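Examination of the molecular architecture
These are the residues of each chain, in order.
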Amino acid sequence: MRHLLLVGVSHKTAPVEWRERLAVPEPKLPVLFQNLKDGGGATEAVILSTCNRVEIYAATPDAMGSRESIRKELASVQGDPSLASCLYSQEDEDAVRHLFHVASGLDSLVVGESEILGQVKRAYEAAFVAQATGKLTNVIFQRALYVGKLVRTRTRISEGPTSAASLAVALAERIFGNLKECRVLILGAGEMAETAADSFLSQKVARLTVVNRTLEKAQELARRFQGEAAPYDRLQAELAKADVVLCSTGAPDYVLKRAEVAGVMHQRREKPLFLIDISVPRNIEPAVHHLENVYLYNIDDLQSLVDENRARRQSEVDKAVALVDEKTQEFHVWYDAWRRGETATLRHAKGEDASTFSADAAPEKP
Amino acid sequence: MGMTEMVLFNLAFAGYTLVLALYFAYAFTRRESFSRSAYRLLTGTVALHVLSLGARVLAARVIPEHTWYVPWSNWFESFSLFALLIALVFLIVQARTRLPILGVFVMPWSWLAIVMALSYPFFSTPNASIASFGGFWAFINSAREIPKLAPALQSYWMAIHVPVMFFSYSAFANAFGIGIAYLIQERQIKSKKPTELSYRLPSLEELDRLIYRIIVIAFPVLTLGIMLGARWAYDAWGRYWGWDAKETWALITWFIYLIYLHMRLVMGWRGRRTAYLSLAGFAVVIFTYVGVNYLSELHGFLSGTGR
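Residues numbered from 1 in each chain as written. Chains lettered and ligands numbered in written order. Predicted model: local features only at pLDDT ≥ 70, side-chain atom pairs only at ≥ 80, totals over all residues. Heavy atoms only, no water.

A few words on the overall build of chain A. Within chain A, the regular secondary structure consists of 13 helices and 12 strands. The C-alpha extent of chain A, read off along each of the three principal axes, is 75 × 50 × 30 Å. Counting over 366 residues, chain A shows a buried share of 54%. Taking contacts inside chain A between residues at least 6 apart in sequence as the whole, the part at least 24 apart equals 72%. (Helix = DSSP H or I, 4+ residues; strand = E, 2+ residues; numbered from the N terminus. Buried < 20%, exposed > 50% of the residue type's maximum accessible area, 1.4 Å probe, protein only. Contact = heavy atoms within 4.5 Å.)

Right, dumping it as structure tokens:
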């Protein structure tokens with residue numbers, strides 16, 4: 001009788017320093033797979049290693065024995081047996097439920113985040129390529145990817161940006177559509193602006209310009225973002241060319257006033273202007289927002305929307321957990337039948353995907 | 001009214017209704033299967049509608065005076081054409097932009113035009129008493145009889161002037177619907193509390209540019225339509241322009257869209273103010289189209305007072 005065994009550590013059980021030490025770098029994977037087979041008695045294994053968790057999923061005929069040896073194995077790979085104390089382990093149905101939770105983003109730091117689904121996929125693919133997977137892990141991981149997608153489409157758990165920076169990008173997209181033709185102006189060299197600038201850069205904006213009171217600082221920041229720097233007296237001209245302005249200076253009062261922006265709008269022929277004021281105290285006069293085609297959001301505006309999104313995601317958790325439970329039980333029926341040596345079939349939900357999921361089917365090529 | 005035409009038109013009506021329902025279903029569920037079916041069904045519906053117009057021409061040609069009969073000579077027919085062209089322009093907009101959410105903002109006008117076409121008897125005989133459903137159906141269908149053409153309408157200009165005008169009107173109807181979408185999106189973002197709705201609508205810039213593109217194409221068409229009308233007026237009444245109510249209001253419509261283009265291109269207006277101008281333009285279009293029939297002695301073809 002084969003069992004599914006999970007041994008791991010996550011942000012819920014261990015601080016980041018411990019997780020760092022347990023993290024399995026990709027080159028080490030083949031050795032670890034081999035050790036799990038030889039020393040751990042695992043016939044199949046998948047290793048999920050992200051910055052928030054390190055988990056080993058293994059199929060083994062002897063759950064009790066394997067658990068201890070895998071614990072030791074994992075710790076010893078990192079050269080510190082004492083780490084074994086913060087590991088958790090689960091078996092069979094509980095392990096499956098846990099994997100489904102993880103894939104759905106229910107076990108993540110930010111509920112519903114979508115990166116984890118890709119990480120689960122890559123972990124499975126790496127194991128598949130290393131020929132460490134077998135029937136059980138193939139079926140479970142493909143099922144987990146399906147459940148992860150299903151939970152995100154059926155519930156609103158992944159909806160809405162959950163950071164001020166990604167929210168600013170989402171708002172810019174509401175105004176300009178595709179950001180590829182957008183020009184971003186960074187006003188001031190504050191740290192907050194950098195995070196936001198990063199999010200905009202990831203959308204491949206057309207141009208990024210930094211304006212700062214001291215030109216050297218602007219140039220330094222511009223180099224890091226592969227943008228351009230402009231002296232402060234060119235601010236008016238740069239505003240006329242920009243679409244999105246990220247403002248984060250250390251100035252004690254307004255650096256952009258209504259009259260100035262009104263003048264700029266005339267120069268830009270009323271092309272919409274999106275101003276993001278992430279400085280405290282505020283650097284852009286709030287009345288600017290009342291100008292036609294000008295949209296000003298300050299850090300509080302962004303934060304309250306972020307809070308709203310997080311609250312909404314949280315309120316969807318129960319629904320998502322119920323869906324995962326349903327899918328876990330469904331899976332368990334298959335699992336039981338399979339362990340008894342019977343043939344069983346798992347299906348995708350109606351309307352989600354027409355393809356049937358047969359346990360006898362070969363795993364998808366990664 | 002021939003049987004074939006009757007069936008084709010009824011099917012088209014059912015089609016428009018279902019298309020509208022599908023677009024709303026898409027807006028609420030975001031399922032692409034709905035928007036895809038809506039697009040396909042709309043294509044089919046437009047084809048059926050065109051066929052029904054063809055069938056109507058064939059049926060009308062039986063009357064010997066109807067050499068120049070075209071299926072847009074009275075209230076029912078012109079609203080039917082309006083619905084068809086709004087849908088057709090929207091199909092083009094869809095093919096170019098792939099923004100199915102706009103169906104929610106444009107297709108109601110097409111559907112409403114069809115309903116207006118069928119509701120003529122309520123306007124012509126408001127005091128009619130209807131006893132049964134059969135009576136109701138017969139009452140409605142009385143609008144669909146093939147009309148006897150007024151002498152002024154028995155001209156080949158009928159086949160040229162009217163469709164050109166209606167094409168521009170239909171494009172303006174599309175711009176009107178999209179303008180409403182723009183204003184909703186603008187309000188969402190200005191409010192600093194954008195909801196789910198904001199994420200389902202296209203971006204401000206997309207909407208703004210789309211409205212402009214439609215008007216910039218429709219405006220020359222309107223200009224051409226008015227010029228063709230003047231030419232026809234010369235044939236029919238012996239003068240190009242006579243400040244008949246319809247002529248005057250068509251000119252007002254033309255001026256409003258001219259102002260839109262002027263403000264946008266010369267004065268650099270964008271966004272909300274131009275969106276309001278396009279809304280006002282369409283309101284005048286509707287008045288020129290329907291309201292004026294009750295003012296104009298010459299153009300009262302819809303209300304049966306035209307000469």
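Residues and elements named next belong to chain B. For helix 10 (residues 245-265), spanning 21 residues, the distance from its first C-alpha to its last is 30 Å, which sits close to the expected 30 Å at 1.5 Å a residue. Of the residues making up helix 10, those classed as buried are A245, K246, E247, A250, T253, I256, Y257, Y260, L261, M263 and R264. Along its buried surface, helix 10 packs onto helix 7 (158-190), helix 9 (204-237) and helix 11 (272-289). (Expected span 1.5 Å × (residues − 1).)

Now for the interface of chain A and chain B. Tallying the contact residues gives 28 residues for chain A and 27 residues for chain B. Note on chain A versus chain B: buried area summed over both sides is about 2,200 Å², and carbon and sulfur give 45% of it. Close ionic contact of R272 of chain B with E292 of chain A constitutes a salt bridge, the shortest N to O distance being 2.3 Å. Taken together, chain A and chain B are joined by 18 residue pairs in polar contact (both at pLDDT 80 or more). Those elements giving two or more residues to the side of chain A that touches chain B turn out to be helix 7 (164-176), strand 10 (294-298) and helix 12 (299-315) of chain A. (Buried area = accessible area lost by both parts, 1.4 Å probe. Salt bridge = Lys/Arg side-chain N within 4 Å of Asp/Glu carboxyl O. Polar contact = N/O pair within 3.5 Å; in protein donor to acceptor, adjacent residues only side chain to side chain.)

For the coordinates displayed, the defined rule picks out 35 salt bridges over all chains. Here R97 of chain A ties to E93 of chain A by a salt bridge, and the two come within 3.7 Å at their closest N and O atoms. Taken together, the positions of R97 of chain A and E93 of chain A, both in helix 4 (residues 92-104) and 4 residues apart, correspond to about one turn of that helix. Overall, the relative accessible area of 22% leaves R97 of chain A in the partly exposed class. Linking D243 of chain A and K271 of chain A is a salt bridge whose minimum nitrogen-to-oxygen distance equals 2.7 Å. Pair noted here: D243 of chain A is in the loop between helix 10 (235-241) and strand 8 (244-247) and K271 of chain A is in the loop between helix 11 (258-267) and strand 9 (273-277), with a separation of 28 residues, a long-range link. Taking relative accessible area as the criterion, D243 of chain A reaches 3% and is therefore assigned buried. Salt bridges sharing partners connect three or more residues here, namely R156 and E159 of chain A together with R30, E196 and R200 of chain B.

For any two aromatic rings, the description comes down to two numbers: the centre-to-centre distance and the angle of the planes. All names here are of chain B. In the structure shown here, the tally under the stated rule is 27 aromatic pairs over all chains. Judged by centre distance (6.4 Å) and plane angle (50°), the rings of Y169 and Y289 are tilted. In this pair, Y169 is assigned in helix 7 and Y289 in helix 11, connecting sequence segments 120 residues apart. Accessibility classification places Y169 together with Y289 in one group, the buried group. Between F219 and W254, the ring centres sit 5.4 Å apart and the planes meet at 25°, which makes this aromatic pair stacked. With F219 in helix 9 and W254 in helix 10, the pair connects residues that are 35 residues apart, well separated along the chain. Owing to a relative accessible area of 10%, F219 belongs among the buried residues under this scheme. (Phe/Tyr/Trp six-rings, centres within 6.5 Å; stacked < 30°, edge-to-face > 60°.)

Now for the domain arrangement of chain B. Residue and element names in this part refer to chain B. For chain B, the domain assignment lists domain 1 (1-149) and domain 2 (152-307). Its C-alpha centre places domain 1 at a distance of 20 Å from the equivalent point of domain 2. Contact residues are listed per partner, giving 30 residues for domain 1 and 39 residues for domain 2. Taken together, the two surfaces of domain 1 and domain 2 that pack against each other cover about 3,000 Å², and 73% of this comes from carbon and sulfur. When the buried area of domain 1 at its contact with domain 2 is split by residue, W68, F82 and F105 rank highest and sum to 20% of it. Along the contact surface separating domain 1 from domain 2 lie 1 salt bridge. The partner of R30 in a salt bridge is E196, with the nearest N and O atoms 3.5 Å apart. In this assembly, domain 1 and domain 2 are joined by 8 residue pairs in polar contact (both at pLDDT 80 or more). Going through the elements one at a time, helix 1 (3-29), helix 3 (75-97) and helix 4 (103-118) are the ones with two or more residues in the side of domain 1 that touches domain 2. (Domains from an automatic or database assignment.)

Attention now moves to the domain arrangement of chain A. A common measure of how large an interface is: the accessible area buried when the components associate. You can read the domains of chain A as domain 1 (3-159 + 316-358) and domain 2 (164-307). For domain 1 of chain A versus domain 2 of chain A, the distance between C-alpha centres works out to 42 Å.

Right, let's get into the sheet that holds strand 7 (residues 228-230) of chain A. Residues and elements named next belong to chain A. If you trace the 6 strands from one edge of the open sheet to the other, you get 7-6-5-8-9-10, paired in parallel fashion. Here the strands that pair on one side only, and so sit at the sheet edges, are strand 7 and strand 10. Sheet twist, expressed as the average angle between the axes of neighbouring strands with direction ignored, equals 20°. With 5 bridges connecting them, strand 5 (residues 183-187) and strand 6 (residues 207-211) associate as parallel partners. Paired with I186 across the strands is V210, a residue of strand 6. Helix 8 (residues 191-201) rests against strand 5, strand 6, strand 8 and strand 9 of the sheet, and its axis sits at about 155° to strand 8. In the packing of helix 9 (residues 215-225) onto the sheet, the strands contacted are strand 5, strand 6 and strand 7, and the crossing angle to strand 7 comes to about 165°. (Pairing = 2+ DSSP bridges. Axes fitted to C-alpha atoms, helices over the stretch in contact; angles between N-to-C directions.)

All names here are of chain B. Axis separation between helix 3 and helix 7 bottoms out at 8 Å; the angle between their running directions is 55°. One finds that helix 3 runs oblique with respect to helix 7. The two elements helix 3 and helix 7 cross, and the hand of that crossing is right-handed. In contact with S78, L81, F82, L85, I86, V89, F90 and V93 of helix 3, helix 7 contributes V162, P163, F166, F167, Y169, S170, A171, A173 and N174. Partitioned by chemical class, the residues of the contact of helix 3 with helix 7 number 14 nonpolar, 3 polar and no charged. (Parallel < 35°, antiparallel > 145°, perpendicular 65-115°, else oblique. Left-handed = near helix turned anticlockwise from the far one by under 90°. Nonpolar A, V, L, I, M, F, W, Y, C, P; charged D, E, K, R; others polar.)

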